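Structure assessment
Each chain, letter by letter, is given below.
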Number of protein chains: 2
Amino acid sequence: MSDKNALQVVPLGGLGEIGKNMTAVRGSGGIVLVDAGMSFPDEEMPGIDLVLPDFTYLRENAGELRGILLTHGHEDHVGAIPYVLREFNIPVYGTRITLGLVRSKLQEFGIKNADLREVVDGQRVRVGGINAEFIHVNHSIPGATAIALRTNAGLIVFSGDYKIDFTPIEGPPMDLGRFAELGKEGVLAYFGDSTNSERPGYVPSERTVAATLGKVFEEAQGRIIVASFASHLHRVAQVVETAKKHNRLVGLTGRSMVRNVGIARELGYLDIPDQMLVDQKDFSRIPDKDIVILTTGSQGEPLAGLSRIAAGTHRSVEVGEGDTVVIAAHPIPGNEPGVSRTINGLMQRGAEVLYSPLQRVHVSGHAAQEEQKLVLALLKPRYLVPVHGEYRMLKHHAQTAMSMGIPESNIFILENGSRLEFRDGNAKRLKSVSAGMFLVDGGGLADTSESVMRDRQQLSGDGMFIVVAKINSKTGELLGPPDVMSRGFMDQQTQNGTVEGSVEVVTKTLERTAKRNITDWSQLKTEIRRDLSTYLSQKTRKRPMILPLIVEV
Amino acid sequence: MSDKNALQVVPLGGLGEIGKNMTAVRGSGGIVLVDAGMSFPDEEMPGIDLVLPDFTYLRENAGELRGILLTHGHEDHVGAIPYVLREFNIPVYGTRITLGLVRSKLQEFGIKNADLREVVDGQRVRVGGINAEFIHVNHSIPGATAIALRTNAGLIVFSGDYKIDFTPIEGPPMDLGRFAELGKEGVLAYFGDSTNSERPGYVPSERTVAATLGKVFEEAQGRIIVASFASHLHRVAQVVETAKKHNRLVGLTGRSMVRNVGIARELGYLDIPDQMLVDQKDFSRIPDKDIVILTTGSQGEPLAGLSRIAAGTHRSVEVGEGDTVVIAAHPIPGNEPGVSRTINGLMQRGAEVLYSPLQRVHVSGHAAQEEQKLVLALLKPRYLVPVHGEYRMLKHHAQTAMSMGIPESNIFILENGSRLEFRDGNAKRLKSVSAGMFLVDGGGLADTSESVMRDRQQLSGDGMFIVVAKINSKTGELLGPPDVMSRGFMDQQTQNGTVEGSVEVVTKTLERTAKRNITDWSQLKTEIRRDLSTYLSQKTRKRPMILPLIVEV
């Protein structure tokens, strides 16, 4: 951008949704990205492994890209990094643990020589004409920061994911003093975490989970198994500390648990002596009362550790009478059935299972309304842009701010692709840029299209119906009865004449077209599809995908 | 059963799950069914419309079937009735509203002359050698009953779905006095609703929702829209009563809402004068402040009323600034994303949206732990069989009973298909019978198999890949290059040589088989599938369904 006084902020992900946070900040010195996250597919994206922000905007302005600033190391803030770095070679700034997690991701993708630049709390860096300051906040992972950007247009603050924890597991409480100073300096715009904005009051300290864990360890006679997000390193640390107190060894299972604990130990964020760690193959050699097993699968993901344990298909852990399982996480909306399946499986095998909300085994890492108010009171921003959340959450954040006197006209509820321009201390919306999703499928390609999704949905609903017709290439005449076959449509025994009926329908269609001397195969296919679709939906009330194949002889 | 002193109880649905409740009670006089419900498909049953209990057991013992006793009219207790009556012509007993709902279902299925026999609270009927007594309970629908069976083996009580409501919207509180008398008489076994057994305390009265509704009607200046289960006739009645007080007319939208309100009015369970009802086509003619619209879609079902309103695709309702929407239901686990989508859509259009748990707009219809204890204290059953619930719920119900002194050995946590035999006052488990699911698909056929499900899952995950090869029927030689095509697999632009590569692979396979003079097409297909599968998974990391088609020329 050539205008020296203007700044544009363009969220490419994280608005109207939970996940794939990514925001482009474009000043006179180029474009700086704040975070580059991914999200998980919903039920309308069959076969998709992960979802990225559509970053066409970055491709279109590749020459202006100057760097990426990371608030913390969770997947919804760093998961898109390999895909972005694959296309753009720009420096990435973040705290030590954040970059540690990124580095391990990049290794998996075979990306070498990435320019990762470590920062510490309070540090300022200059990138793309912007002065970026990293400010310590509390969250469910160490090394979480807010980022204050001193730009040509004014001071812009991104909260990152945060909560206010006065008794955190690790590090100091959120740097509220610095937030107060920013407020004095004059904040033009605040981009604030809205995940928990529907929740009144304060979120309890992470430390309150220790009480439940302590009780479990005190009472359990047998094995203890704790499932947690592998990235929730504070929860993991609490389990480890409680294990030390109660003289239990620690076993790890689940690929991401082993990976993240490894990174956190290496970088000094987790203190587990070697002799305290038990290798998965040795689990069964340790007496039940002397071990706690930390596992993935707190969301009921079918292939994760705890789900396998619940299903009785885990390689090294068999659960039974006398074991205690703690599911130290809350189900993400939509995951309830999977989590429930896990709980049922574990209980059926005889384990005692502790889970939220029946027991206090989880607290959120995101600020509730009173915390949001505190931050707003300190920052006193001229403009608020609620981020990280579905519309309902953004709206509640806005309402909280309005209750404190911020005028509605100074609050912008944006969408992915919105462009907000700041100039002379004022904000206004410009025409949006293209934004949306890149769907990442098995192969790691980031461009599975909507038409492929639609095909998969149709296939999954009613299956498919294939017709193969041998046709004389000159006359268009059908040679012998057409073959039909189906997959995912109906069982053979219940098709009840559907196969024979379909053969008849197609034969008639082709007799008709032959009479009209039609040798345009695409027209033949259209007619077959139409006639067969009518027949099948009348006979079976189903609409399988119909694929007519013409073989010329 | 010939043994005059023995009785077998065989739950065919409703155990280890929420939904499709159906229990066979088999005494010396034949088999009597308690309820015949359906459930909804989960995410692993693509394309399935509804799920029934596998009633092979009934088919195998058709000659002994004597009748069906219905506790109440919800789908999870009556939804399988048309499918059962289609095969067995037996009498159905239930209260007036229950049978009213059943009758309308049967009409849809074109089943005439069903033998529906109305009962009233406290009435006893004799069927299959059993004396069945219907006892009034509270639930979220009128005409809900428990059923006490006096059998050759002793007194068995089924709670049905119940809660204890001392200030119900309609009818008296649950007939606790009769429960006390049964307890005095001596209850051999109690089959009790476990849906809410994880919840401590009491469930509040349905009437507490009235306070929230009253406040909404008092404050709303514009249109009010209330979404509820169409079958929650008490909730519907509360909305209607509040509308009367505040002089608002009532509009109905959503097929099942119109149907159920119609039945309830006809049978005298809902008092709405004709002039108070507004036809859907006239909604827009009524000033916003003079109407409340009752709609379906409280679960975010994509095609239901509220979801269409939220998406802006409803024929007669456009929502906007000034409108108030109440979602008077709690999301069923798994439905959260759909409900969230609805809330977001409504808010984005400017409506104020009230929903649970932020507002008290819903209370449960199922007894919590203290209510379960009260019933156990009154009935003093020798045996408890927790029913209606996933394993975790059944287990909690059992723990509640054990806390009251019922020995663990007298509590049976059963599965669908379990057979529990009562004889001489004792209970023991016999070998299970076959049980499970009948999957009902578009056509109304009740037997979609697991192999069809597996195909649909594979198709939905990675799509399909079709190969058509023209082969000389005598020599097995390939005639011309094979055709390949895919659906739901990858986009053409990202296939990146996959098509050409596949053609090469298949060509090589067929050259190899031709050399070996293989003319067994099934072997050809196997080899094509194997080679192509290896190629595709290496190149794309995907495993589409591969369909080789051999066309003989």
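The model shown is predicted, which means the values in this text are computed figures rather than measured ones. (Residues numbered from 1 in each chain as written. Chains lettered and ligands numbered in written order. Predicted model: local features only at pLDDT ≥ 70, side-chain atom pairs only at ≥ 80, totals over all residues. Heavy atoms only, no water.)

1. Some remarks on the side chain of Thr 145 of chain A
All names here are of chain A. For clarity, the cut-off: Comment: elements are numbered from the N terminus, with helices defined as DSSP H or I runs of at least four residues and strands as E runs of at least two. Partly exposed describes any residue whose relative accessible area lies between the buried limit of under 20% and the exposed limit of over 50%, with all areas from a 1.4 Å probe on protein chains only and scaled to the type maximum. The contact definition used throughout considers only heavy atoms, calling two residues in contact when any of these lie within 4.5 Å.
Position of Thr 145 relative to the elements: it lies in strand β10 (residues 145-151). Thr 145 gets classed as buried once you look at its relative accessible area, which sits at 0%. Filtering out sequence-adjacent residues up to four positions away, Thr 145 remains in contact with Leu 70, Thr 71, Thr 95, Asp 121, Phe 134, Ile 135, Val 137, Ser 159 and Gly 160.

2. Let's talk about the packing of aromatic side chains
Residue and element names in this part refer to chain A. Quick reminder of the rule: What counts as a ring pair is set by centres within 6.5 Å for rings of Phe, Tyr and Trp (its six-membered ring), and what kind of pair is set by the plane angle: stacked under 30 degrees, edge-to-face over 60, tilted for all other angles.
Under the defined criterion, the tally for this structure stands at 14 aromatic pairs over all chains. Both rings, one in Tyr 383 and one in Phe 412, keep their centres 5.9 Å apart while their planes meet at 50°; by these two values the pair is tilted. Taken as a pair, Tyr 383 in strand β19 (residues 383-387) and Phe 412 in the loop between α12 (391-403) and β20 (419-423) lie far apart in primary sequence, 29 residues in all. The pair formed by Tyr 383 and Phe 412 is uniform in burial state, with each residue classed as buried.

3. As for the domain arrangement of chain A
To keep it simple, the criterion reads: As annotated, the domain borders come from an automatic or database domain assignment.
Domain annotation for chain A reports domain 1 (6-201 + 364-424), domain 2 (208-355) and domain 3 (450-552). The distance between the C-alpha centroids of domain 2 of chain A and domain 3 of chain A comes to 53 Å.

4. Focus on the relation of the copies chain A and chain B
What counts, and what does not: For this overlay, a least-squares fit was computed on C-alpha atoms, restricted to residues scoring pLDDT of at least 70 in both copies.
For the pair chain A and chain B, the superposition axis carries a translation of 0.1 Å, the fit reaches an RMSD of 0.1 Å, and the rotation angle comes to 180°. Each copy turns onto its partner about a two-fold axis. Of all interface residues in chain A, 100% are interface residues in chain B too; the two copies therefore contact each other through one and the same surface.

5. Examining the sheet that holds strand β12 (residues 189-193) of chain B
All names here are of chain B. Going by this rule: Only strands joined by at least two bridges in the DSSP assignment are considered to pair. Throughout, an axis means a line fitted to C-alpha atoms (over the contacting stretch in the case of helices), and angles, computed between N-to-C directions, take values from 0 to 180 degrees.
In spatial order, the strands read β8-β9-β10-β11-β12-β19; together these six strands make up an open sheet with mixed pairing. Across the chains shown, the open sheet's two edge strands, defined by having one partner strand only, are β8 (124-127) and β19 (383-387). Taking each pair of neighbouring strands and ignoring which way they run, the sheet shows an average axis angle of 20°. Bridge analysis of strand β10 (residues 145-151) against strand β11 (residues 154-158) gives five bridges, and the strand direction is antiparallel. Looking across to β11, one finds that Thr 151 is bridged to Gly 154. Its contacts with the sheet place helix α12 (residues 391-403) against β12 and β19, and it is angled at close to 150° to β19.

6. Thoughts on the sheet that holds strand β21 (residues 426-430) of chain A
Within a sheet, each strand pairs with its neighbour through backbone hydrogen bonds, oriented either parallel or antiparallel. Residue and element names in this part refer to chain A. With mixed pairing, eight strands are arranged side by side in an open sheet as β7-β6-β5-β3-β2-β1-β20-β21. Each end of this open sheet is capped by a strand with a single partner; those strands are β7 (116-118) and β21. Direction aside, the axes of adjacent strands within the sheet are offset by 25° on average. Taken strand by strand, helix α4 (residues 96-108) contacts β6 (92-94) and β7, and its axis lies near 160° from that of β7.

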